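Below are the chains, spelled out letter by letter.
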Amino acid sequence: MIERDVTISIEKGLHARPAALLVKKLNEFGSNVEFQAGGKRLNPKSIISLMTSVIKQGETVRVTVDGRDEQEAMDWLIKNL
């Protein structure tokens, strides 16, 4: 299991389009992924979970990845959030 704090650099945060792209890509990984933001635990493999979270640019999110391709998934998240 890997945990990191990641600051969202996506312009305007995780609104509809970047959230949809994030969900699509994360579902390609076999590892379980969880975000903790605003005191809530979120499933970033679910568009509904992300859209209801309102994660904004500059916000720091605790990312937890656990599974067979956890390092690859975390590396992708760090580069793309």
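Look above for the structure.
Residues numbered from 1 in each chain as written. Predicted model: local features only at pLDDT ≥ 70, side-chain atom pairs only at ≥ 80, totals over all residues. Heavy atoms only, no water.

**Some details on the environment of Leu42**
What counts, and what does not: Note on conventions: DSSP H or I runs of at least 4 residues are helices, E runs of at least 2 residues are strands, and numbering of each starts at the N terminus. Summary of the burial criterion: residues with accessible area below 20% of their type's maximum are buried, those above 50% are exposed, and those between are partly exposed, where the area comes from a 1.4 Å probe applied to protein chains only. The contact rule is simple, with two residues in contact once any of their heavy atoms fall within 4.5 Å.
On the secondary structure map, Leu42 appears in strand β3 (residues 40-42). Given a relative accessible area of 8%, Leu42 falls into the buried group. The sequence separation of Leu42 and Val63 amounts to 21 residues, and the corresponding C-alpha distance is 9.7 Å. In this structure Leu42 touches Val33, Glu34, Phe35, Ala37, Ser49, Ser53 and Ile55, once residues within four positions along its chain are discounted.

**Things to note about helix α3 (residues 70-80)**
The criterion, for reference: Working note: the arc is built from the helix axis to C-beta atom directions.
Of all the positions in α3, only Glu70, Ala73, Met74 and Leu77 are classed as buried. One face of α3 carries all of its buried residues, which in axial projection span an arc of 95 degrees. Structural note: α3 exposes Glu72 and Lys79 on the side pointing more than 90 degrees away from its buried face. Residues of α3 that are buried make contact with β1 (2-7), α1 (16-26), β2 (32-37) and β4 (60-66).

**Side note on the nonpolar core**
Nonpolar side chains tend to gather and get buried jointly when the protein is soluble and globular. For the record, the criterion: The nonpolar core is taken to be a set of buried Ala, Val, Leu, Ile, Met, Phe, Trp, Tyr and Cys residues, with the residues joined through side-chain atoms within 4.5 Å.
By size, the foremost hydrophobic cluster in this structure holds 23 residues, and its most contacted members are Leu22, Phe35, Ile55, Val63, Leu77 and Leu81. At the level of secondary structure, the elements contributing two or more residues to this core comprise β1, α1, β2, β4 and α3.

**Structural notes on a nonpolar patch on the surface**
Definition in use: Surface patches are defined over residues having more than 30% relative accessible area and no salt bridge, joining like charges when they lie within 9 Å and nonpolar side chains (Val, Leu, Ile, Met, Phe, Trp, Tyr) when within 5 Å. Working definition of accessibility: Shrake-Rupley area with a 1.4 Å probe, residue cover restricted to the visible protein chains. For salt bridges, the criterion is a side-chain nitrogen of Lys or Arg within 4 Å of an Asp or Glu carboxyl oxygen.
Residues Ile47, Ile48 and Met51 make up a contiguous nonpolar surface patch of about 270 Å² in total accessible area. Its place among the elements puts Ile48 in helix α2 (residues 47-51).

**Digging into unusual backbone geometry**
Phi at Lys12 is positive, roughly 70 degrees, even though this residue is not glycine. Mapped onto the elements of the fold, Lys12 is located in the loop between β1 and α1. For Lys12, a relative accessible area of 65% translates into the label exposed. One non-glycine residue with positive phi stands out, namely Val54, at about 50 degrees. Tracing the backbone through its elements, the reader meets Val54 in the loop between α2 and β4.

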